[in-house]
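Single-letter residue listing:
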Amino acid sequence: MRPLLFSLSNLFLCFLLVCTTGSVAQTLPNPLVLTTGKRVQTARQWTEERRPELLKLFASEMYGQAPPRPERMRFAVVDEDRQALGGLATRKQVVIYYDGTPQGPKTDVLLYIPNQMKGPAPAIVGLNFWGNHTIHPDPGIRLAKSFVESGKNNPYIDLSCVQHNRATEACRGTNARQWPVEKILKAGYALVTAYREDVASDEAGSTLTTGVHQLFPAYQQRPDNFGTIGAWAWALSRIMDYLETDKAIDRKQVAVFGWSRLGKAALWAGASDPRFALVISHESGAGGAKLFHRGVGENIRRLCTVFPHWYAKSFRQYMDKDTLLPFDQHMVIGLIAPRPVYIGSAQDDKGADPAGEFASAVAATPVYRLFKTNGLPVSTLPPLNQSVQGQISYHIRPGGHDVTDYDWEQYLRFADKHFRPR
């Protein structure tokens, strides 16, 4: 495979995609052209002119306008065990009180910090699907008190432990397979996680009036309301607010991670909050890393009808117009530049369109070139189980929609490359 080379003179050709809506060829919106039509030619132009344009565009048309950090928000450390997991880690549990009171919306944050570190540890932060208590059987983890889905044939976790949509002791460690806590700790990284339902409801038909949404009712009266994906991304930034106060964490080396719909949130969190030094978007698909313009895989109509609470109401105007969008997800990846970003795919994850996730990384590379970085160093889809690592990195592995040991091994190697260069 040959490196992908870009120059401003041939840039337009690099944005020409053949989209499979019949045999119609469509052009992918160019991230390096301002709304005035002027071309972006320097990193400074990108940072001062184009990046603000795109942040405003995506907040207005897709993710919704997020509120500022709450003035009365406070943190409370409710647990600290310096000999957790047989002495491997210090376990901390922190409650974020968004309005400063125990009666208001709150989120339990679980931290494992490796004890072998002599100074502040780099960290990987990400939301989980079924509660902090599911990522490890550690009996010291507080059981989630928020709503937990149940009664589904779920390939990732046994939900028979859930009673009346509440977690029980039997739920401990039921999703540990996707969260190799000890491996992450032994690699020298702190792991920080919180439960998605502590932040915002993901129930079908959510009215966006619970969780953090109840603090900002006025935001829901507008077409650019912030939905659940936006709320999850916003909460990741609030967790980052806490991490900046914790002396055990290296606040300059915090990576944000997410899988599936939480990968969509992680990508937007990384794009909108430059404090995240590294971004890992795993199998995030439509509304995450993949290109809508290809017209392949999950589409905007499905996102807006099956999951109408995920995105702003304004996004619904683009249903059935995937290949005609004035924006696309390569621009979200570009918003992360020049920070490193990794996109992971799986061969059988057809809804996420692995080829579309890869094409998005290719199309974001010109933004990274402005910063004199290599972006994604290849232009053709790599073979299975071959991790291509540049400032933008990518792999596709066999199997379906899941998080495997192979995935984590690549992400830890990627983090080592950027946080601990040799």
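Above this text is the structure in question.
Numbers given for residues are sequential positions, taken from 1 along each chain in its written order. It should be noted that, the model being predicted, local features are given only for residues of pLDDT at least 70 and side-chain atom pairs only at 80 or more, the latter also being counted only at that level, while totals for whole chains, interfaces and linings use all residues. Processing note: side-chain calculations cover all non-hydrogen atoms of the structure and skip hydrogens and water entirely.

> Is there a simple way to think about the side chain of Lys92 in this case?
Secondary structure elements are defined from DSSP: runs of H or I of at least 4 residues count as helices, runs of E of at least 2 residues count as strands, and each element is numbered from the N terminus. You can see Lys92 is positioned in strand S4 (residues 89–97). What makes Lys92 buried here is its relative accessible area of 11%. Here Asp246 takes part through its side chain, which lies 2.9 Å from a polar atom of the side chain of Lys92. Any two residues whose heavy atoms approach within 4.5 Å at even a single point are treated as in contact. If we skip the residues at most four places from it in the chain, Lys92 touches Asp79, Glu80, Val109, Leu110, Leu111, Ile113, Tyr242, Asp246 and Ala248. Remark: exposure states derive from per-residue accessible area (1.4 Å probe, protein chains only) relative to the maximum for the residue type, with buried under 20%, exposed over 50%, and partly exposed in between. In the analysis that follows, any N or O atom pair within 3.5 Å is treated as a polar contact, provided that within protein one partner can donate a hydrogen and the other can accept it, and provided that, for residues neighboring in sequence, both atoms belong to side chains.

> Got a minute to help me understand unusual backbone geometry in this structure?
Excluding glycine, residues mostly carry a negative phi; peptide bonds, for their part, are mostly trans. With an omega dihedral of 0°, the bond running from Ala337 to Pro338 counts as a cis peptide bond. Looking at where Pro338 falls in the secondary structure, it is placed in the loop between helix H9 (329–335) and strand S10 (341–346). If you check the backbone angles, Leu85 has positive phi at about 55° while not being a glycine. Here Leu85 is to be found in helix H3 (residues 84–87). In this structure, Asn385 is a non-glycine residue whose phi angle is positive, near 60°. With respect to the secondary-structure elements, Asn385 resides in the loop between helix H10 (354–370) and strand S11 (388–389). A relative accessible area of 43% places Asn385 in the partly exposed class.

> Is there a simple way to think about the pairing of strand S5 (residues 106–114) in this case?
The side chains of a regular strand alternate between both faces of the sheet. Here S5 lies mainly inside the structure; eight of its nine residues are buried. Pairing between strands is defined by DSSP: at least two bridges between them are needed. Of the pairings in the sheet, the one linking S4 to S5 comprises nine bridges and is antiparallel in character. The partner of Tyr97 across the bridge, within S5, is Lys106. In this structure, S5 lies alongside strand S7 (residues 190–195), joined through four bridges in antiparallel fashion. Residue Val109 lies in a different strand from S7, and its bridge partner there is Ala194.

> Can you walk me through the sheet that holds S7 in this structure?
Hydrogen bonding along the main chain pairs the strands of a sheet, whether they run parallel or antiparallel. If you trace the 10 strands from one edge of the open sheet to the other, you get S3-S4-S5-S7-S6-S8-S9-S10-S12-S11, paired in mixed fashion. In this open sheet, the two strands that pair with only one neighbour each are strand S3 (74–83) and S11. Two strands pair when backbone bridges link them, and strand S6 (residues 121–128) and S7 are joined in this way by six bridges, in the parallel orientation. The residue bridging Leu127 from the neighbouring strand is Ala194, located in S7. Lying on the sheet, H10 is in contact with S10 and strand S12 (392–397); it crosses S12 at an angle near 170°. Here, axes are lines fitted to C-alpha atoms. For helices the fit covers the stretch in contact, and angles between N-to-C directions go from 0 to 180 degrees.

> Any chance you could explain the nonpolar core here in plain terms?
Within soluble globular proteins, side chains that are nonpolar generally end up buried alongside one another. Residues belong to one nonpolar core when they are buried, are Ala, Val, Leu, Ile, Met, Phe, Trp, Tyr or Cys, and are joined through side-chain atoms within 4.5 Å. In this structure, Phe58, Trp232, Ile239, Leu243, Phe257, Phe315 and Leu376 are the most contacted members of the largest nonpolar core, which totals 125 residues. Examining the composition of this core, we find that 11 residues originate from one element, helix H6 (residues 228–243), more than from any other. Discounting chain neighbours no more than four positions away, the residues touching Trp232 are Leu127, Arg196, Val199, Ala200, Asp202, Arg261, Leu262, Ala265 and Trp310.

> Please explain the pairing of strand S8 (residues 249–259) as it appears in this structure.
Counting buried residues in S8 gives eight out of 11 residues, a clear majority hidden from the surface. Clockwise travel from the first strand over the helix to the second, with the strands pointing away from the viewer, marks a crossover as right-handed. Regarding topology, helix H7 (residues 261–272) serves as the crossover connection from S8 to the parallel strand S9 (residues 278–282), and that connection is right-handed.

> Where do I start with the packing of H6 against H7 in this structure?
In a pair of packed helices, the angle between the axes and the distance between the axes together describe the arrangement. Across the interface, H6 lies against H7 with an axial gap of 8 Å and an inter-helix angle of 55°. By the angle between their axes, H6 is oblique relative to H7. Relative to H7, H6 is oriented so that their crossing is right-handed. Between H6 and H7, the residues in contact are Ile229, Trp232, Ala233 and Leu236 and Arg261, Leu262, Lys264, Ala265, Ala266, Trp268 and Ala269, respectively. Nonpolar residues are Ala, Val, Leu, Ile, Met, Phe, Trp, Tyr, Cys and Pro. Charged residues are Asp, Glu, Lys and Arg, and all others, Gly as well, are polar. Counted by class, the contact of H6 with H7 contains nine nonpolar, no polar and two charged residues. Roughly parallel means an angle under 35 degrees; roughly antiparallel means over 145; roughly perpendicular covers 65 to 115; every other angle is labelled oblique. The sense of a crossing depends on the near helix, which, turned anticlockwise from the far helix by less than a right angle, makes the crossing left-handed and, turned clockwise, makes it right-handed.

> Can you walk me through the side chain of His309 in this structure?
Inspection of the secondary structure puts His309 in the loop between helix H8 (300–306) and H9. Here the side chain of His309 touches Asp202 through a polar contact of 2.8 Å, side chain to side chain. With sequence-adjacent residues up to four places away left out, His309 is seen in contact with Ser201, Asp202, Glu203, Ala204, Ser206, Leu208, Gly227 and Thr228.

> Got a minute to help me understand the packing of aromatic side chains in this structure?
Ring pairs (aromatic) are described by centroid distance and by the angle formed between their planes. In summary, the pairing rule links any two rings of Phe, Tyr or Trp, Trp by its six-membered ring, whose centres are within 6.5 Å, and it sorts them by plane angle into stacked for under 30 degrees, edge-to-face for over 60 and tilted for everything else. For the coordinates displayed, the defined rule picks out 29 aromatic pairs. Ring geometry for Trp179 versus Phe257: centroids 5.8 Å apart, planes at 85°, classification edge-to-face. Note that Trp179 is positioned in the loop between S6 and helix H4 (181–186) and Phe257 in strand S8, a separation of 78 residues in sequence. Judged by relative accessible area, Phe257 falls into the buried class, the value being 3%. For the pair Phe307 and Trp310, a centre-to-centre distance of 3.9 Å together with 5° between the ring planes defines the contact as stacked. A connected cluster of aromatic rings, assembled from ring pairs, spans Phe58, Tyr63, Trp268, Phe292, Phe307, Trp310, Tyr311, Phe315, Tyr318 and Phe327. Only when the NZ atom of a Lys or the CZ atom of an Arg is both within 6 Å of the ring centre and within 35 degrees of the ring normal do we say a charge sits over the ring. When the ring centre of Tyr219 is taken as reference, the NZ or CZ atom of Arg222 above it lies at 5.3 Å. The side chain of Arg420 reaches across the aromatic face of Tyr189, ending 4.4 Å from its centre.

None of the figures reported here should be taken as evidence of function without further support.
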